[in-house]
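Residues per chain are reported as follows:
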Amino acid sequence: MIISNELLAAYMEDNVTEEERAAVRKYLSEHPEVMRDLTLMADTDSDITIDDRPPISTDEFVKNLSDLLDEVEAEEETDTASGCDILPWMEMAANNTVDCLCAVKCEGLALRALGIDISDDELMKTAEKEGWLKTEGMALHNIGHLCGLHGMSISHRFGCSLNDIDAALLAGNIVVAAVDGNELTGDLKQEAIKDLMEGGTPNHTVVVLKIEDGKVYVDDPATSSQTDSYPIPQFVDAWDDSFNYMIVVSASDNYEPHPIDLSDVDISDDLLDLREAIAEQAHEVWALNRKKEGWTYGPVRDDKRKEHPDMVAYSKLPESEKLYDREMAMNTIKLVKKLGWDIVRKKR
């Protein structure tokens, strides 16, 4: 999306779509000097200064924007590096002011709603013992493990929509959403500026109860009320900071896979060799474990005789089986990048 002066002006007037709002915020987070200029232009106090700089004139403002847009467009034309949105897999849910237990309490609410009689104190002790709960909170990827220990089916899903929440609730599931808690209960103007300067911070979890009459109703462990409600745009804005991450807790066995979308992740040509090495290694590990269990080669799979046609060297596998291993390897490499890690080859 081209970030034009007209789009920035529309953003300042809150006259943009959700897609445009997200694009402008991403652009401003990468260009804090533009965000500073926008703040100065929007502020009605003519005495305000930022970095000891007085407010700039409209002409200067427009010129700065035009210059920056020219630079961005030039970079986009020459930049061939691949990139992707990084998922906040390791962010900590810890927005409860006193105890940093919002994630634990949400899992407690989920379990009790599904008929498991257990206290938050018991869950906290288990989470600490297992290493999921740290002093600073619980990482987003660990939320749901407590429910899993008590026989629940857990699904971690990024890139969800309100329709996904609705569908999960209608199916009788419990939905825990990761949000920026300050955007629900804090100073919304300050949080908007913070998002632009520092990016989103998914630091809290809530149990979503229902979506109705333009509002999202939640059970928020950080408040004294059992039910809080927020206008849909406000909730979505807070939820966007986690890339719309939700944990679906279910007592049923109707499992439906929801792998992380890796379609925006590109890998360089030099990682193709790594893909092949991972694929072969995966086959070797699988075959070794099968051999330890007493399996040998057989032209067709026979579980009683423990014979399997894939108990051969990787080079002798049919291409269909190699393709399976390669796809697993490719998705592993892409997932590593999607979660924020880089793969760097060291020289010997």
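The preceding data block contains the structure.
Here the structure is a predicted model, which means the values were calculated and not measured.

(A) The arrangement of the overall build of the protein in detail. For the protein, the count of helices and strands is 13 helices and eleven strands. Going through the 348 residues of the protein one by one, you find that 38% of them count as buried. For the protein, the computed accessible surface area is about 20300 Å², with 49% contributed by carbon and sulfur atoms.

(B) Just the nonpolar core, in detail. In terms of nonpolar packing, the biggest core is built from 31 residues, with Val104, Leu133, Met138, Ile143, Leu146, Tyr245 and Val249 touching the most fellow members. Among the elements of the structure, helix H5 (102-113), helix H6 (120-130), helix H7 (145-149), strand E5 (174-179) and strand E9 (246-250) are those that each provide at least two residues to this core. A per-element tally of this core places H5 first, with six residues. Counting residues in hydrophobic clusters, the runner-up holds 19 residues, among them Ile165, Ala177, Val216 and Tyr230.

(C) Structural context of the sheet that holds strand E8 (residues 228-231). Pairing is antiparallel in the open sheet, where six strands are placed in the order E4-E9-E5-E6-E7-E8. Every interior strand has two partners, whereas the edge strands, strand E4 (153-157) and E8, have only one. This sheet shows a mean twist of 35° between the axes of neighbouring strands, independent of strand direction. Pairing between strand E6 (residues 204-212) and strand E7 (residues 215-219): five bridges, direction antiparallel. By the bridge assignment, Lys210 is partnered in E7 with Tyr217. Strands in contact with H5 are E5, E6, E7 and E9; relative to E6, the strand with the most contacts, it is inclined by about 45°.

(D) Highlighting the packing of aromatic side chains. Applying the stated criterion across every chain, the model contains four aromatic pairs. Arranged with centres 5.7 Å apart and planes meeting at 45°, the rings of Trp89 and Phe158 form a pair that is tilted. Placement of Trp89 in the loop between helix H4 (58-78) and strand E1 (92-93) and of Phe158 in the loop between E4 and helix H8 (162-170) is noted, with a sequence separation of 69 residues between them. Taken individually, Trp89 and Phe158 each receive the classification buried, so the pair is uniform in this respect. On the basis of an interplanar angle of 35° and a centroid distance of 5.8 Å, the ring pair of Phe235 and Trp239 is categorised as tilted. Here Phe235 pairs with Trp239, and both are found in helix H11 (residues 232-240), just four residues apart, close to one helical turn. An identical accessibility class is assigned to Phe235 and Trp239; each is buried. Within the aromatic cluster, the residues linked to one another by ring pairs are Trp89, Phe158 and Tyr245. Stacked on the ring of Tyr217, the Lys or Arg Lys210 has its end atom at 4.8 Å from the ring centre.

(E) Inspection of the side chain of Ser242 at higher detail. Along the chain, Ser242 turns up in the loop between H11 and E9. There is a polar contact of 3.0 Å between the side chain of Ser242 and the backbone oxygen of Trp239. For Ser242, the side chain forms a polar contact with the main-chain nitrogen of Tyr245, separated by 3.1 Å. Once residues lying within four places of it in the same chain are set aside, the contact partners of Ser242 are Pro88, Phe158, Ala178 and Pro202.

(F) A look at unusual backbone geometry. A positive phi angle, close to 55°, is found at Phe243, a residue other than glycine. Its location among the elements puts Phe243 in the loop between H11 and E9. You will see that Lys306, though not glycine, has its phi angle at about 55°, which is positive. Take Lys306: it is sitting in the loop between strand E10 (296-297) and strand E11 (307-308).

(G) Broad picture of the pattern of salt bridges. Under the counting rule described, the total for this entry stands at twelve salt bridges. Between Asp121 and Lys125 there is a salt bridge, and its shortest N-O distance comes to 3.4 Å. Of this pair, Asp121 and Lys125 are both found in helix H6, four residues apart, which corresponds to roughly one turn of the helix. Judged by its relative accessible area of 40%, Asp121 falls in the partly exposed class. Judged by its relative accessible area of 52%, Lys125 is exposed. Between Arg326 and Glu276 there is a salt bridge, with the nearest N and O atoms lying 3.0 Å from each other. With Arg326 in helix H13 (residues 319-338) and Glu276 in helix H12 (residues 270-292), this residue pair connects regions lying 50 residues apart in the sequence.

(H) Spotlight on the sheet that holds strand E2 (residues 133-134). Taken together, the three strands give an open sheet; going across it, the order is E1-E3-E2, and neighbouring strands pair in antiparallel fashion. Edge positions in the sheet fall to E1 and E2, since each has one partner strand and no second. As defined by bridge partners, E1 adjoins strand E3 (residues 137-139) across two bridges and the pair is classed as antiparallel. If you follow Met92 over to E3, its bridge partner there is Ala139. The strands touched by H5 within the sheet are E1, E2 and E3, with E3 carrying the most contacts at an inclination of about 75°.

What counts as what
- Residues numbered from 1 in each chain as written.
- Predicted model: local features only at pLDDT ≥ 70, side-chain atom pairs only at ≥ 80, totals over all residues.
- Heavy atoms only, no water.
- Helix = DSSP H or I, 4+ residues; strand = E, 2+ residues; numbered from the N terminus.
- Buried < 20%, exposed > 50% of the residue type's maximum accessible area, 1.4 Å probe, protein only.
- Areas by Shrake-Rupley, 256 points an atom, 1.4 Å probe, with all protein chains shown as cover.
- Core = buried A, V, L, I, M, F, W, Y, C linked by side-chain atoms within 4.5 Å.
- Pairing = 2+ DSSP bridges.
- Axes fitted to C-alpha atoms, helices over the stretch in contact; angles between N-to-C directions.
- Contact = heavy atoms within 4.5 Å.
- Phe/Tyr/Trp six-rings, centres within 6.5 Å; stacked < 30°, edge-to-face > 60°.
- Lys NZ or Arg CZ within 6 Å of the ring centre and 35° of its normal.
- Polar contact = N/O pair within 3.5 Å; in protein donor to acceptor, adjacent residues only side chain to side chain.
- Salt bridge = Lys/Arg side-chain N within 4 Å of Asp/Glu carboxyl O.

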